[in-house]
Amino acid sequence: MALDMKYFEQMEAKIPKGKVRTRFAPSPTGYMHVGNLRTALYTWLIARNAGGTFILRIEDTDQGRLVEGAADVIYRTLAECRLDHDEGPDVGGPVAPYIQSERRDTYGRYARLLIDKGHAYYCFCEKADSAEDTGEFERSDDPCRSLSKEEAQARVDAGEPYVIRQRIPKEGTTTFRDAIFGDITVENKTLDDQVLIKRDGMPTYNFANVIDDHLMGITHVVRGSEYLSSAPKYNLLYEGFGWDIPTYVHCSPVMRDAQNKMSKRHGDPSYEDLKDQGFLTEAILNYVALLGWSPRGDLAEQEVFSLDELARAFDLAGMSKSPAIFDIEKLTHFNALYLRSMSQEDFVKAAEPYIRKTVKDESLSVSDIAALLQARCEKLTEIPEKVAFFQELPDYDRSLFTNKKSKCTPEVAKEMLSAAIVVLDAVHTWNEGNIHDVLTGLAEGMQVKNATVMWPVRIAAAGQAVTPGGAIEICRILGKEETLRRLKLGLDKL
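**Quick word on the overall build of the chain**
Phase 1: Scanning the chain from terminus to terminus reveals 20 helices and 11 strands.
Phase 2: Over its C-alpha atoms the chain spans a radius of gyration of 32 Å, topping by over 25% the 23 Å that the globule rule assigns to 494 residues.
Phase 3: For the C-alpha atoms alone, the extent of the chain along its principal axes is close to 105 × 45 × 35 Å.
Phase 4: Across the chain, every contact between residues at least 6 apart in sequence was considered, and the portion connecting residues at least 24 apart equals 75%.
Phase 5: For the chain, the accessible area works out to roughly 23,400 Å², and carbon and sulfur atoms hold 48% of it.
Phase 6: Averaging the coordinates of the 61 positive side-chain charges in the chain and doing the same for the 76 negative ones gives two points 2 Å apart.

See the structure below:
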């Protein structure tokens, strides 16, 4: 059957040209791991830095791996991270559709065009899917490679099952250029005749990517360095069609440690896991941006970037060939910086659900408690445990009253608490200023350091050695009645 060349001309005419176009092309498998998020971020940054177009494409050709609701995870994650796409399944665009399974007929047409050009062939050999997936098909053993076009077409017309394979040259070398790794040359004899169209008519990942990237006008292809070995075959496909080759950007892997890549299988966190662990989206993005890229010039020493700042600073020359090790402690450091830089109003809003997990008493002010936490909190998930004592005084041991630095012993604590209860009971207007004045006045009158009074008051009020905030703030938030009740309980322990 003759090919309709007008179809291909029309497809070419649709391709947008003239500016940078990048794409993030995840598979809907329900899991946005850190490496995937970094790819999305870098792809978005390249487009935004150049004033270009960022495209979302859903790659669902491997139907066996699809997870229901997984596409929603992709949309939600991109929205939360403010990685807005200009074209995609949900917003449309000039080269729709943007879901690969809806482009099935396109791949078949281009595979037949490649056969017509002599760069692919029908293969009728019986092969197990597992052998296809591992690339263990020996090209030299494939008798279908030498079939004439007429003979092959006759077998297709007769209804014989087939796959379509790429015809790799037997001799010579293929060289491709990567923006990070430079020129890489491989001998063609080391490349296998990969399957392009499977028996069910669906394209393989490698073939669909090349077709879609060309037809969508993609100028920069960002993917993991594990695809470096496939790049020569991509090049040969582009050359076979007579198409321009995009800029390849192969990102080095994100590692759990010096030997192992991060993976869901080993329990490494996804973006949603990190959110659940109390990390802010902004901190996650900032840290992930620096896993394989570093700013240059005047920004070389800067490590905290807003998303807009990243878009202005990002360039391919700052990317590294070396694997990046994901350090949860470094991410925690970034998160603490972001928490402390938030406006008080925004921090209260972020902290409230975590405070209310353990502080159920509505009379205790969320904003007052949050004010104690902002400078002393690294992750939002630390909050419930830190503030639970406001709701209920924990059971504690009298040994907590001993503190060498504050010159406090159980005997001293007993004396200080007895006096503190008296002066605090006399406070009419319960605020920080008045509480401060009576307790510091007490220390001065008893000729001891302020800490000698404050330590036992704080221990009795909170029932724990480490607290967000000091004795004065804690007493003020608890209120006069509850403070005095707790101090008397402390005195009873002593």
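**Some thoughts on the sheet that holds strand β4 (residues 163-166)**
Strand-to-strand pairing in sheets goes through backbone hydrogen bonds, with the strands running parallel or antiparallel.
Phase 1: Spatially, three strands are ordered β3-β4-β7 in an open sheet, and the strand pairing comes out antiparallel. Unpaired on one side and paired on the other, β3 (120-123) and β7 (195-197) mark the two borders of the sheet. Neighbouring strand axes in the sheet, compared pairwise and without regard to direction, differ in orientation by 40 degrees on average.
Phase 2: In the sheet, β3 pairs with β4 via four bridges, with the strands oriented antiparallel. The residue bridging cysteine 123 from the neighbouring strand is valine 163, located in β4.
Phase 3: Against the sheet, helix α4 (residues 104-116) makes contact with β3, β4 and β7, and its axis sits at roughly 110 degrees relative to β3, the strand it touches most.

**Remarks on the environment of serine 363**
Phase 1: Structurally, the position occupied by serine 363 is in the loop between α13 (344-355) and α14 (366-373).
Phase 2: Residue serine 363 is classed as exposed on the basis of its relative accessible area, which comes to 61%.
Phase 3: Placed 115 residues apart in sequence, serine 363 and leucine 478 show a C-alpha to C-alpha distance of 9.1 Å.
Phase 4: At a separation of 2.7 Å, a polar atom in the side chain of serine 363 contacts the side chain of aspartate 361.

**Details of the side chain of threonine 22**
Phase 1: Positionally, threonine 22 belongs in strand β1 (residues 21-24).
Phase 2: A distance of 2.9 Å separates a polar atom in the side chain of threonine 22 from the backbone oxygen of threonine 43.
Phase 3: Excluding its chain neighbours within four sequence positions, the residues that come into contact with threonine 22 are Thr43, Ile46, Ala47, Thr53, Phe54, Ile55, Ile218 and His220.

**Concerning unusual backbone geometry**
Phase 1: Residues alanine 96 and proline 97 are joined by a peptide bond in cis, for which omega reads 0 degrees.
Phase 2: Summarising the element assignment, proline 97 is placed in the loop between α3 (70-80) and α4.
Phase 3: Not every positive phi belongs to a glycine, and arginine 82 is a case in point at roughly 60 degrees.
Phase 4: Checked against the element boundaries, arginine 82 lands in the loop between α3 and α4.
Phase 5: The backbone phi angle of lysine 407 is positive, close to 55 degrees, even though this residue is not glycine.
Phase 6: Topologically, lysine 407 is positioned in the loop between α15 (383-391) and α16 (410-425).
Phase 7: The class for lysine 407 is exposed, based on a relative accessible area of 54%.

**Description of the pairing of strand β8 (residues 220-224)**
Phase 1: With five of five residues buried, β8 is to be regarded as a mostly interior element.
Phase 2: Summarising the sheet, β8 and strand β9 (residues 247-251) pair through five bridges and their orientation is parallel. Bridging from a neighbouring strand, histidine 220 pairs with threonine 247 of β9.

**What about the pattern of salt bridges?**
Phase 1: Under the definition given, this model contains 26 salt bridges.
Phase 2: Here arginine 82 ties to aspartate 308 by a salt bridge, and the two come within 3.9 Å at their closest N and O atoms. Of this pair, arginine 82 sits in the loop between α3 and α4 while aspartate 308 sits in helix α11 (residues 307-313); the two residues are 226 residues apart in sequence, bridging distant segments of the chain.
Phase 3: Exposure remark for aspartate 308: the relative accessible area of 43% places this residue in the partly exposed category.
Phase 4: Shared partners join several salt bridges into a network, and the residues in it are Arg23, Arg57, Glu59, Arg103, Asp212 and Asp213.

**Regarding the nonpolar core**
Phase 1: By size, the foremost hydrophobic cluster in this structure holds 104 residues, and its most contacted members are Ile355 and Phe390.
Phase 2: Here the element with the most residues in this core is helix α2 (residues 34-49); it accounts for nine residues.
Phase 3: Dropping the residues within four chain positions of it, isoleucine 355 is found in contact with Val366, Ile369, Ala370, Leu373, Ile383 and Val387.
Phase 4: Ranked by size, the runner-up nonpolar core spans 45 residues in total, among them Cys123, Leu237, Tyr238 and Phe241.

**Some remarks on the packing of aromatic side chains**
Here a ring pair, both rings aromatic, is described through the centre-centre distance and the interplanar angle of the planes.
Phase 1: Enumeration over the complete set of coordinates arrives at 19 aromatic pairs.
Phase 2: Aromatic pair tyrosine 42 and phenylalanine 314: ring centres 5.2 Å apart, planes at 35 degrees, arrangement tilted. In this pair, tyrosine 42 sits in helix α2 while phenylalanine 314 sits in the loop between α11 and β11 (324-325), placing the two residues 272 residues apart along the sequence.
Phase 3: Residue classification places tyrosine 42 among the buried residues on the basis of a relative accessible area of 1%.
Phase 4: Judged by its relative accessible area of 2%, phenylalanine 314 is buried.
Phase 5: An angle of 70 degrees between the planes, with centres 6.4 Å apart, marks the rings of phenylalanine 124 and tyrosine 162 as edge-to-face. Separated by 38 residues along the polypeptide, phenylalanine 124 in the loop between β3 and α5 (129-134) and tyrosine 162 in the loop between α6 (149-157) and β4 bring together distant segments of the chain.
Phase 6: The cationic tip of arginine 458 hangs over the ring face of tryptophan 455; the distance from NZ or CZ to the ring centre is 4.8 Å.
Phase 7: Note that lysine 493 overlies the ring of tyrosine 396, its terminal NZ or CZ placed 4.6 Å from the centroid.

Each value, and the rule that gives it
- Residues numbered from 1 in each chain as written.
- Predicted model: local features only at pLDDT ≥ 70, side-chain atom pairs only at ≥ 80, totals over all residues.
- Heavy atoms only, no water.
- Helix = DSSP H or I, 4+ residues; strand = E, 2+ residues; numbered from the N terminus.
- Rg over C-alpha atoms; globule rule 2.2 N^0.38 Å.
- Contact = heavy atoms within 4.5 Å.
- Areas by Shrake-Rupley, 256 points an atom, 1.4 Å probe, with all protein chains shown as cover.
- Lys, Arg positive; Asp, Glu negative; His and termini not counted.
- Charge placed at Lys NZ, Arg CZ, Asp CG, Glu CD.
- Pairing = 2+ DSSP bridges.
- Axes fitted to C-alpha atoms, helices over the stretch in contact; angles between N-to-C directions.
- Buried < 20%, exposed > 50% of the residue type's maximum accessible area, 1.4 Å probe, protein only.
- Polar contact = N/O pair within 3.5 Å; in protein donor to acceptor, adjacent residues only side chain to side chain.
- Salt bridge = Lys/Arg side-chain N within 4 Å of Asp/Glu carboxyl O.
- Core = buried A, V, L, I, M, F, W, Y, C linked by side-chain atoms within 4.5 Å.
- Phe/Tyr/Trp six-rings, centres within 6.5 Å; stacked < 30°, edge-to-face > 60°.
- Lys NZ or Arg CZ within 6 Å of the ring centre and 35° of its normal.

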